[in-house]
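Geometric and topological summary
For reference, the chains in residue letters:
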Amino acid sequence: MKPQLKPLDQQVIVITGASSGIGLATAKMAAQAGARLVLVARNEEALREVEKNLNAGDRVMHVVADVGKREDLERVASDTIRHFGHFDTWINNAGSSVWGRFDEVDDEDHQKVIQTNYWGTHYGSSVAIRHLRTRGGALINVGSLESAAALPFHSSYSASKHAVKAMTDVLRVELQKSGAPVSVTLVRPPAIDTLFNDHAKNALPSAATFPPPVYAPEVVAQAILHAAEHPQRDVYIGNAKMFTRMAQLAPGFTDWISRSALYDMLQSGRGDSHRQGALHNEDVGDVVDGRTSGNYPGKVLQSSLYTRIAQKPKTAAASALGALAMAALVVRRMR
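These remarks concern the structure in this document.

Rules of the game
Residues numbered from 1 in each chain as written. Predicted model: local features only at pLDDT ≥ 70, side-chain atom pairs only at ≥ 80, totals over all residues. Heavy atoms only, no water. Pairing = 2+ DSSP bridges. Helix = DSSP H or I, 4+ residues; strand = E, 2+ residues; numbered from the N terminus. Axes fitted to C-alpha atoms, helices over the stretch in contact; angles between N-to-C directions. Contact = heavy atoms within 4.5 Å. Phe/Tyr/Trp six-rings, centres within 6.5 Å; stacked < 30°, edge-to-face > 60°. Buried < 20%, exposed > 50% of the residue type's maximum accessible area, 1.4 Å probe, protein only. Polar contact = N/O pair within 3.5 Å; in protein donor to acceptor, adjacent residues only side chain to side chain. Salt bridge = Lys/Arg side-chain N within 4 Å of Asp/Glu carboxyl O.

1. Topic: the sheet that holds strand S10 (residues 234–236)
- A sheet is described by the order of its strands in space; here seven strands give the open sequence S3-S2-S1-S4-S6-S7-S10, paired in parallel fashion. This sheet does not close on itself; its edge strands, each paired only once, are strand S3 (60–64) and S10. Sheet twist, expressed as the average angle between the axes of neighbouring strands with direction ignored, equals 15 degrees.
- Pairing analysis gives three bridges linking strand S7 (residues 182–188) to S10, with the strands arranged parallel. Looking at S10, one finds that Arg 188 is bridged to Tyr 236.
- Across the sheet, helix H5 (residues 155–178) lies against strand S6 (137–142) and S7, angled at about 160 degrees from S7, the strand it touches most.
- Contacts between helix H8 (residues 240–249) and the sheet are confined to S7 and S10, with S10 contributing the most and set at about 110 degrees to the helix.

Right, here's the structure in full:
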C-alpha cells in the first residue's frame, strides 16, 4: 500500500534531539506550519525553554529521554499517544560524536556514540513502526554524508551512520513487502552549522572543525519536513550526493582526498574549551542548548539548490523547460 502522508498542519510529529541544531530548526518550522509536536532530548531545561518559545500551547509537549535506552523511547510513544491520541511522523535525529584517532579514543566513548546514533535510531524506528504500521505515516532517519563517505578521526560516528543507512534500507524493503503504508526516508546532511562540535567529545590536539561547504540547519529542516509530507527514499543535502557517489565509484581517490586534505582540515588549530562535550552528559557547561546554529567561523550556506530540485522534480522540470523556452525565444529574436 502506497503511503498517504498528511499535510503538516494535520500531523503529530515526534522529533528526537529537539533541544538544538537540526532538531530544533525542524521543530520551529513544523510549529509554524501548524503541526503538533513532541520534543525529545536529554536536557529538560532546554526542552522547557524551547516549548515556551514555540508559544504553541497544548500543541507542543516535551519528553525527557535518552534515545540510547529503549524504555525511554517506549515512554515517548506512550506519552505521545496519551496526549495526542497518535503520531504521524517520527524523526530520529538525536546524535552524538567523539573526535579522535581510532586508537586514541576510549572504547567507552566509541560505544556511547554507537549506542546513541545506531541503537537510538534502531529503538526509535522499532517503536515508531509498531504504531505506524497500522495507521500509516512517515519514519525519517537522519543519516549523514558519512553514511557512505567516512571522515578521518570519526570512526565510530561514521560507523554508526553506515549502520543507520543499512538498517533503514532493510526496514524500508520489509515494510514495502508487507504492504505497510509507511514512508521510510534517510536524510543525508553534510557539514551543518550546529552545536555538533561543542557537544562532541574531542581527543584531537585542537578543536575539530568542518571543511566547507557548511550549511545552515534550516536547510536540513526544510528537507525533513518536505519528506514528512511527500514519501521519499533518500534526501541528500547540498554536496552530500556528490561525495557519496565519489566514495562509491572512486574509493581510492576518496581515500587520497581524506589523507591529503581532510586529515589536516578537520583540525582547526584552535583551542577547545569543551573537550568533554555532552557525550556522556546532557549539557556542556557554558554551551547552552536551545540554539539552532553553532559557531562556524566561515560562510554558512542558507539554501541548497540541489536539494530543492531533487525534492521537487516536477517543479524543477517545469523551470528547466521554461528556461529553455526563454533561451530559444532570445535566440530567435537575435537572428
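And the narrative resumes.
2. Points about the packing of aromatic side chains
- On inspection of all chains with the given rule, the structure shows eight aromatic pairs.
- Aromatic side chains Trp 119 and Tyr 123 sit 5.5 Å apart centroid to centroid with 35 degrees between the ring planes, which places their arrangement in the tilted category. Taken together, the residues span about one helical turn, with Trp 119 and Tyr 123 both in helix H4 (residues 107–135) at a distance of four residues.
- The class for Tyr 123 is buried, based on a relative accessible area of 15%.
- Ring plane angle 15 degrees and centroid distance 6.0 Å describe the contact between Phe 253 and Trp 256, whose orientation is recorded as stacked. Taken as a pair, Phe 253 and Trp 256 lie in helix H9 (residues 251–265) at a separation of three residues, close to a single helical turn.
- Residue class for Phe 253 comes out partly exposed when judged on its relative accessible area of 45%.

3. Focus on the side chain of His 62
- Counting through the fold element by element, His 62 comes out in strand S3.
- A polar contact is formed between the side chain of His 62 and the side chain of Glu 51, at a distance of 2.5 Å.
- Discounting chain neighbours no more than four positions away, the residues touching His 62 are Leu 39, Glu 44, Leu 47, Arg 48 and Glu 51.

4. With respect to the pattern of salt bridges
- Evaluation of the coordinates by the stated rule reveals 16 salt bridges.
- Across the pair Lys 201 and Asp 109 runs a salt bridge, and its minimum N-O distance is 2.9 Å. Taken together, the residues span a long stretch of sequence, with Lys 201 in strand S8 (residues 201–202) and Asp 109 in helix H4 at a distance of 92 residues. The burial state of Lys 201 is the same as that of Asp 109; both residues are buried.
- For Lys 165, the salt bridge goes to Asp 169, with nearest N and O atoms at 2.5 Å. With Lys 165 and Asp 169 both in helix H5, this residue pair falls four residues apart, about one helical turn.
- A residue is classified by how much of its surface remains accessible, and Lys 165, at 22% relative accessible area, is partly exposed.
- One salt-bridge network, in which partners are shared between bridges, spans Lys 165, Asp 169, Arg 172, Arg 188, Arg 233 and Asp 234.

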